[in-house]
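Results of the structural survey
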Amino acid sequence: MLILDDEAGMRAALRDARASAEADEVPVGCVIVHDGIVIGRGHNQTESLQDATAHAEIIAIGAASNALGSWRLSDCTLYVTLEPCAMCAGAIVLARVPRLVYGAFDPKAGGCGSVLDVIHEPRLNHRVQVTPGVLAAECGELLREFFQRKRKRAAEEPEAGEA
């Protein structure tokens with residue numbers, strides 16, 4: 001699949017986010033594009049891997065680095081459905097990703113301006129161009145629906161010791 005614009009990149013990331021939701025993981029998806037081609041993709045796997053670092057961005061960065069044979073992703077664009085957290089923002093900077101495009105803002109844990117602004121920290125040695133809010137409503141709705149389902153299931157489950 002050729003990624004020619006930000007909407008197409010975000011739609012590709014949304015496909016991975018839906019894969020997260022199907023696996024009962026927080027629905028965040030990420031793709032990394034180089035010369036119009038997806039070279040890395042990931043979705044949250046923190047629950048299935050029992051790994052706090054198994055965020056979509058971290059998995060996609062590893063896959064893209066393997067595809068290019070380099071940890072420097074200097075000619076890539078990273079698309080992710082939710083504003084990266086501090087850990088992922090740091091990884092984006094360290095991987096030398098020049099451009100980040102994200103969907104929904106994360107007012108609870110966002111590391112690209114909402115809570116912290118790791119990505120624009122002037123003391124760090126790399127600058128990232130950020131395009132926020134691409135397909136934000138669609139990305140946010142996927143998250144809202146997921147957490148509504150989780151809350152509903154939790155409310156329907158009997159308390160321990162009942163039955």
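Up top you'll find the structure we're talking about.
Remember, predicted model here, so these are calculated numbers, not experimental data.

Details of a nonpolar patch on the surface
- A surface patch of nonpolar side chains, amounting to about 330 Å² of accessible area, comprises Leu2, Leu4 and Ile37.
- With respect to the helices and strands, the residue Leu2 is situated in the segment before α1 (6-22).

Digging into unusual backbone geometry
- At Asp35, a residue that is not glycine, the phi angle is positive and equals roughly 50°.
- Inspection of the secondary structure puts Asp35 in the loop between β1 (29-34) and β2 (37-43).
- Phi at Leu135 is positive, roughly 55°, even though this residue is not glycine.
- Topologically, Leu135 is positioned in the loop between β5 (129-131) and α5 (136-156).

Considering the pattern of salt bridges
- The tally for this structure, following the rule as stated, stands at nine salt bridges.
- The closest approach of N and O atoms between Arg41 and Asp16, which form a salt bridge, is 2.9 Å. Of this pair, Arg41 sits in strand β2 while Asp16 is found in helix α1, placing the two residues 25 residues apart along the sequence.
- Asp16 gets classed as buried once you look at its relative accessible area, which sits at 8%.
- For Arg153, the salt bridge goes to Asp24, with nearest N and O atoms at 3.5 Å.

Concerning the nonpolar core
- One finds Ile32, Ile61, Leu73, Leu78, Ile92, Leu100 and Ile119 to be the most contacted residues of the largest nonpolar core, which totals 40 residues.
- Counting residues per element, the ones that place at least two in this core are α1, β1, α3 (56-68), β3 (76-82), α4 (86-94), β4 (99-104) and α5.
- If we skip the residues at most four places from it in the chain, Ile119 touches Ala89, Ile92, Val93, Leu100, Gly111, Cys112, Val128 and Val130.

Brief notes about the packing of aromatic side chains
- All told, the structure shown has two aromatic pairs when counted by the stated rule.
- For the pair Phe146 and Phe147, a centre-to-centre distance of 5.1 Å together with 80° between the ring planes defines the contact as edge-to-face.

Digging into the state of the cysteines
- Throughout the structure, instances matching the rule amount to zero disulfides.
- Between Cys88, a free cysteine, and Cys85, which holds the nearest cysteine sulfur, the sulfur-to-sulfur gap is 3.8 Å.

Here we look at the side chain of Ser65
- Here Ser65 lies in helix α3.
- On the accessibility criterion, Ser65 (14% relative accessible area) is buried.
- Here Ser65 is in contact with Ser70, Trp71 and Leu73, once residues within four sequence places are set aside.

Side note on the packing of α1 against α5
- Close contact between α1 and α5 brings their axes to 11 Å; oriented N to C, the two are set at 5°. Comparing their axes, α5 and α1 come out roughly parallel. Seen from α1, the contacting residues are Met10, Arg11, Leu14, Ala17, Arg18 and Ala21; seen from α5, they are Glu138, Cys139, Leu142, Phe146 and Arg149.
- Across the contact of α1 with α5, the residue classes tally to seven nonpolar, no polar and four charged.

Criteria and cut-off values
Residues numbered from 1 in each chain as written. Predicted model: local features only at pLDDT ≥ 70, side-chain atom pairs only at ≥ 80, totals over all residues. Heavy atoms only, no water. Patch = residues over 30% accessible without salt bridge, like charges linked within 9 Å, V, L, I, M, F, W, Y side chains within 5 Å. Areas by Shrake-Rupley, 256 points an atom, 1.4 Å probe, with all protein chains shown as cover. Salt bridge = Lys/Arg side-chain N within 4 Å of Asp/Glu carboxyl O. Helix = DSSP H or I, 4+ residues; strand = E, 2+ residues; numbered from the N terminus. Buried < 20%, exposed > 50% of the residue type's maximum accessible area, 1.4 Å probe, protein only. Core = buried A, V, L, I, M, F, W, Y, C linked by side-chain atoms within 4.5 Å. Contact = heavy atoms within 4.5 Å. Phe/Tyr/Trp six-rings, centres within 6.5 Å; stacked < 30°, edge-to-face > 60°. Disulfide = S-S within 2.5 Å. Axes fitted to C-alpha atoms, helices over the stretch in contact; angles between N-to-C directions. Parallel < 35°, antiparallel > 145°, perpendicular 65-115°, else oblique. Nonpolar A, V, L, I, M, F, W, Y, C, P; charged D, E, K, R; others polar.

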